[in-house]
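Now for the letters of each chain:
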Amino acid sequence: MNQESTETTAPLQKRNPTMISLKDVSKTYTGEGATEALRSVSLDVREGEFLVILGPSGAGKSTLMRCINRLVEPTSGSIIVNGREVTSQRRELRAVRREVGMVFQQFNLVKRLSVLMNVLSGRLAYQPLWRSLIYSFDKADKRIAIECLARVNMEHKAFQRADTLSGGEQQRVAIARALAQQPKVILADEPVASLDPKIARQVLTYLKQIAGELGITVLCNLHQVEYAREYAERVVGLSQGRMIFDGPSGKLTDDILQQIYYREAEAGDDHDV
Amino acid sequence: MADPVQAAEKDFFASLAARKKWRFHHIVYMAAGIGFLLWSADGVNLRLAELASGIPKIASYFVRMAPPKWSFAETIWMPAIETVYISVWGNVLATLIGLPLGLLAASNIIKFAPVRFVAKSILNLMRSISELIWAIFFVAAVGLGPFPGAVALGMNYAGILGRLYAEAMENVDPGPVEALQATGAGRIQVVLFAIFPQVLPQFVTYMLYWFEVGVRSATVLGMVGAGGIGFELVTTIKLFEFRETGVILLVILGMVTIIDYASTLIRSRIY
């Protein structure tokens, strides 16, 4: 689909440049019962890395992701994506968002539009406004869209409406939409939480392929340990907004899992973010 | 050892009974509500006896309409069609004015509250002046005929449709909206590609419904000289030509019925 280096392989990643850099990122949700969703998280992710963020519900995984493309405004700390500070200045923010694709638990496709239109929506940030006003895309955009659909084996459903697809198919289209942005980073927020295990593995395989073959940095939130063990090269463990593990999935011992998942139970399981 | 299921059941029914209890403030609200109804009944001089005794008079109007003077249809078919034109262009104007204002009034599109407040206030103003009053203004401004009628409908319906559009857009699934924001798409692009496709069926339903309402309203606009079939309607009543009045009412009924069927058909095609 583009001229990204396709020869990126795992051992090379050590030398790959840093794509995302978080420094002391904290987020406190204000309002009733102020919640500290993130507490001083620092993290560097390299280009082409496939990183799984693991943790129970309410650990702050989703908040961490949304801070990276500023769907959530962090309370403090700095975030750099591809050398660009993710500022709140609107123009700059849109430039960063264009390089960061996102995949959601609920797919978030526009159901009444065709699969193709949904994927083409990923090209909007590259388009002049007048073109959007007449719902038109140029041929180059259409070519990118169909190539992205082919990458997730959904090109044969391009003209179907999104609401006629199964959950797994919808998530594949959502991945194609993210790919159509020709992003440097894809953020996948619990992408398989509403899918059955067979389809879930299929979706995770696509995401991992994307990181490997296209050199796109993929951050993937998961709450299931077995998927993390199966797919992750590197795992970051979050619990109650703190990063308590960062290492290869092989080092994910029972002891560490105990820390990630059960610290909360001791503290009382009454806060669900 | 107590059975936990039984214990839960007992607790459940105990709290259910506690929740159901009428409280003092419920009775106060109820009394206030009934009091308001009685007070306003006095205000409208609600006298059922007089209404009942008036029934024969009303019935006599309808009796005198029979048999309708069918030849009169020849005179009124043009004004009848003009009524439809007024409604069509009234609704087109209403959407052209109401949709932009509705966009500015929707909280998921405009985050800056003062802008929404101004847009809502304009919509409220347009809505609170009825089409008949607007028609009087516009007849005075541009003269008699269907044109001031269409503009009058447009102004009033812009207020109504703008508000309905705004509400429909506020109630869309926020997921796709967030997804498109995350791609870096601009605000207008998000509206076009994530919000409009979701609200399209509702928009069409509103437009068709207010088109039908417009046809009925436009029959009244003729009374103040704003074109349409209303002028003939008032004239025949004033001249006691009830057989002609009957024809006009039947024509209006026919138009509304046709529009109703047509809009049901159109809506079933948009899903």
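Just so it is clear, the model here is predicted, and its values are computed rather than measured.

From N to C terminus, chain B includes 11 helices and zero strands. Walking chain B from its N terminus toward its C terminus, one meets helices and strands in the order α-α-α-α-α-α-α-α-α-α-α. Against the compact-globule benchmark of 18 Å for 271 residues, chain B has a radius of gyration of 26 Å, which places it well outside the compact range.

Now for the domain arrangement of chain A. One frequently used descriptor of interface size is the decrease in accessible area upon assembly of the parts. All names here are of chain A. Once the domains are mapped, chain A shows domain 1 (17-99 + 185-273) and domain 2 (109-182). On a C-alpha basis, the centres of domain 1 and domain 2 stand 25 Å from each other. Between domain 1 and domain 2, the residue contacts involve 13 residues of the former and 10 residues of the latter. Elements represented by at least two residues in the side of domain 1 that touches domain 2 include exactly α2 (90-98) and α7 (197-214). Looking at side-chain class alone, the side of domain 1 that touches domain 2 contains eight nonpolar, two polar and three charged residues.

This next bit is on the pairing of strand β7 (residues 185-188) of chain A. Residue and element names in this part refer to chain A. Residue alternation in β7 divides its side chains into two sets, Val185 and Leu187 and Ile186 and Ala188, and both sets are buried. Sheet analysis places strand β6 (residues 100-103) next to β7, joined by four bridges and oriented parallel. Bridging across to β7, Val103 finds its partner in Ala188. In the sheet, β7 pairs with strand β8 (residues 217-222) via four bridges, with the strands oriented parallel. What sits directly across from Ile186, in β8, is Val218. A crossover connection joins β7 to the parallel β8 through α7; in handedness this β-α-β unit is right-handed.

Another point: helix α6 (residues 167-180) of chain A. Residues and elements named next belong to chain A. Between its first and last C-alpha, α6 extends 20 Å over 14 residues, near the 20 Å set by a 1.5 Å rise per residue. Burial within α6 is extensive, with 12 of its 14 residues counted as buried. Buried within α6 are the following residues: Glu169, Gln170, Gln171, Arg172, Val173, Ala174, Ile175, Ala176, Arg177, Ala178, Leu179 and Ala180. The inward-facing, buried residues of α6 contact β6, α3 (115-120), α5 (139-151), β7 and α7. Once α6 ends, the next one or two residues include Gln182, with phi positive near 45 degrees.

All names here are of chain A. Judged by pairing direction, the sheet is mixed, and its six strands sit side by side in the order β6-β7-β8-β3-β9-β10 without closing on themselves. Here the strands that pair on one side only, and so sit at the sheet edges, are β6 and β10 (242-248). Going across the sheet, the axis of each strand differs from the next one's by a mean of 20 degrees, ignoring polarity. The strands that helix α1 (residues 61-68) touches are β3 (50-54), β6, β7, β8 and β9 (234-239); relative to β8, the one it contacts most, it runs at about 155 degrees.

Hydrogen bonding along the main chain pairs the strands of a sheet, whether they run parallel or antiparallel. All names here are of chain A. Spatially, β2-β1-β4-β5 is the arrangement adopted by the four strands of the open sheet, whose pairing is antiparallel. In the strand order of this sheet, the two ends are held by β2 (35-46) and β5 (84-85), each with one partner. Pairing analysis gives eight bridges linking strand β1 (residues 18-29) to β2, with the strands arranged antiparallel. Directly across from Tyr29, in β2, lies its bridge partner Thr35.

Cis peptide bonds are those with omega within 30 degrees of zero, and the linkage from Ala66 of chain B to Pro67 of chain B qualifies with -10 degrees. Along the chain, Pro67 of chain B falls in the loop between α3 (48-65) and α4 (73-105). Unusually for a residue other than glycine, Asp24 of chain A sits at a positive phi of about 50 degrees. Relative to the helices and strands, Asp24 of chain A resides in strand β1. Phi angles above zero are rare outside glycine, and Phe107 of chain A is one such case at about 65 degrees.

We now examine the confidence of the model for chain B. Residues and elements named next belong to chain B. The pLDDT averaged across chain B works out to 89; a share of 99% of its residues lies at or above 70. Predicted confidence in chain B is weakest over α3, with a mean pLDDT of 84, and strongest over helix α5 (residues 113-128), with 96. Across the whole predicted complex the pTM is 0.83, and at the interface the ipTM reaches 0.87.

All names here are of chain A. Val52, Val119, Ala176 and Val218 are the most contacted members of the largest nonpolar core, which totals 136 residues. Taken domain by domain, the makeup of this core includes at least three residues from each of domain 1 (17-99 + 185-273) and domain 2 (109-182). Ignoring anything within four residues of it in the chain, the contact list for Val119 reads Ala145, Cys148, Leu149, Val173, Ala176, Arg177 and Ala180.

All names here are of chain B. Looking at where Leu103 falls in the secondary structure, it is placed in helix α4. Classification of Leu103 by C-beta neighbours within 10 Å gives partly exposed; the count is 19. For the pair Leu103 and Ser217, spaced 114 residues apart in sequence, the C-alpha to C-alpha distance is 26 Å. For Leu103, the residues in contact, after removing those within four places along its chain, are Ile109 and Val191.

Cut-off values and rules
- Residues numbered from 1 in each chain as written.
- Chains lettered and ligands numbered in written order.
- Predicted model: local features only at pLDDT ≥ 70, side-chain atom pairs only at ≥ 80, totals over all residues.
- Helix = DSSP H or I, 4+ residues; strand = E, 2+ residues; numbered from the N terminus.
- Rg over C-alpha atoms; globule rule 2.2 N^0.38 Å.
- Domains from an automatic or database assignment.
- Contact = placed C-beta atoms within 7 Å.
- Nonpolar A, V, L, I, M, F, W, Y, C, P; charged D, E, K, R; others polar.
- Buried ≥ 20, exposed ≤ 12 C-beta atoms within 10 Å, placed from the backbone.
- Pairing = 2+ DSSP bridges.
- Right-handed = clockwise from strand over helix to strand, strands pointing away.
- Expected span 1.5 Å × (residues − 1).
- Axes fitted to C-alpha atoms, helices over the stretch in contact; angles between N-to-C directions.
- pLDDT = per-residue confidence, 0-100.
- Core = buried A, V, L, I, M, F, W, Y, C linked by C-beta atoms within 7 Å.

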